[in-house]
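Working through the structure, step by step
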Amino acid sequence: VPLRRTEPVPTPEQRRAREAEDERKRQLAKQQDEAERRDRALLASYTSEREIDLSRRRSLATIEAVIESATAYSEQLKKRKVAVEQQRAGYRDKPVPIVLEREYEGINTELAKQAELIGQKRAEWTATAARYDADRVRWRELSGLDRTAPATPAAPAAPATASSAPVATKSSTR
């Protein structure tokens with residue numbers, strides 16, 4: 001008659017360690033599945049590096065157009081601000097009309113919003129350029145054109161910081 005051996009009841013410490021290990025394995029499997037899905041999507045989306053470059057140029061051009069528009073609007077606001085400041089200075093000892101004060105405050109608020117938008121778009125430009133560069137490298141690995149790197153699932157990319165964002169101009173992307 002074979003003896004049946006029972007395992008001792010795990011301690012709370014052992015249970016927590018096993019649960020943590022199981023969770024780590026689930027997260028790793030989830031990351032691998034996501035990397036495989038991204039790789040399949042990348043190969044399905046582009047048939048050549050030229051297509052990746054074309055898509056990159058289009059995306060960056062869209063962002064650059066927003067930057068240029070916001071910059072032009074900011075320049076208009078700055079000109080209007082100078083005009084309003086001159087009008088305010090003309091009142092010297094008299095009280096400045098409320099309408100003029102409100103316009104001045106509105107211009108300052110809008111200038112701040114535009115500066116923030118431009119900063120965000122520059123950060124977006126940098127992140128988009130980096131994403132397309134990474135996609136091109138990964139596409140080369142997956143399609144077998146890049147023999148120097150193995151075609152293992154790619155690690156998630158770190159988000160770009162605004163401080164590393166170059167100033168985007170049309171001439172820099174062509």
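On a predicted model such as this, the values are computed, not experimentally measured, just so you know. (Residues numbered from 1 in each chain as written. Predicted model: local features only at pLDDT ≥ 70, side-chain atom pairs only at ≥ 80, totals over all residues. Heavy atoms only, no water.)

Here we take up the overall build of the protein. Across its full length, the protein carries three helices and zero strands. Going residue by residue from the N terminus, the α and β elements of the protein occur as α-α-α. Expressed as a percentage of the 174 residues in the protein, the buried residues total 20%. Summed over all atoms, the accessible surface of the protein reaches about 13,100 Å², with 53% contributed by carbon and sulfur. (Helix = DSSP H or I, 4+ residues; strand = E, 2+ residues; numbered from the N terminus. Buried < 20%, exposed > 50% of the residue type's maximum accessible area, 1.4 Å probe, protein only. Areas by Shrake-Rupley, 256 points an atom, 1.4 Å probe, with all protein chains shown as cover.)

Moving on to unusual backbone geometry. Of note in this structure, R92 is not a glycine but carries a positive phi near 35°. For R92, a relative accessible area of 75% corresponds to the exposed category.

What follows covers the pattern of salt bridges. The full count for this structure, using the stated rule, is 14 salt bridges. A salt bridge links E34 to R38, with the shortest nitrogen-to-oxygen separation between them at 3.7 Å. Within this pair, E34 and its partner R38 are both found in helix 1 (residues 12-45), separated by four residues, close to a single helical turn. The salt bridge partner of E141 is R138, with a shortest N-O separation of 2.7 Å. Here R138 and E141 lie together in helix 3 (residues 98-143), a separation of three residues that amounts to about one turn. (Salt bridge = Lys/Arg side-chain N within 4 Å of Asp/Glu carboxyl O.)

The next point concerns the packing of aromatic side chains. Tallied over the entire structure, the rule returns zero aromatic pairs. One cation-aromatic arrangement involves R88 over Y104; the distance from NZ or CZ to the ring centre is 4.1 Å. (Phe/Tyr/Trp six-rings, centres within 6.5 Å; stacked < 30°, edge-to-face > 60°. Lys NZ or Arg CZ within 6 Å of the ring centre and 35° of its normal.)

When two helices pack together, their arrangement is given by the angle between their axes and by how far apart the axes lie. Two elements in contact, helix 2 (residues 49-89) and helix 3, have axes whose closest approach is 9 Å; the angle formed by their N-to-C orientations is 165°. By the criterion of interaxial angle, the relationship of helix 2 to helix 3 is roughly antiparallel. Handedness of the helix 2/helix 3 crossing: left-handed. Across the contact of helix 2 with helix 3, the residue classes tally to 19 nonpolar, eight polar and 19 charged. (Axes fitted to C-alpha atoms, helices over the stretch in contact; angles between N-to-C directions. Parallel < 35°, antiparallel > 145°, perpendicular 65-115°, else oblique. Left-handed = near helix turned anticlockwise from the far one by under 90°. Nonpolar A, V, L, I, M, F, W, Y, C, P; charged D, E, K, R; others polar.)

For helix 2, which comprises 41 residues, the first-to-last C-alpha distance of 59 Å matches the rise-based estimate of 60 Å (1.5 Å per residue) to within 8%. Every buried residue belonging to helix 2 is among I52, S55, R56, L60, I63, E64, I67, A70, S74, L77 and V84, and all of these are buried. Elements that come into contact with the buried residues of helix 2 comprise helix 3. (Expected span 1.5 Å × (residues − 1). Contact = heavy atoms within 4.5 Å.)

This brings us to the confidence of the model for the protein. Looking at the protein as a whole, the pLDDT averages 86, with 83% of positions reaching at least 70. Per-residue pLDDT stays below 50 along residues 153-174; that stretch engages in 28 contacts with residues further than four places along the chain or on separate chains. (pLDDT = per-residue confidence, 0-100.)

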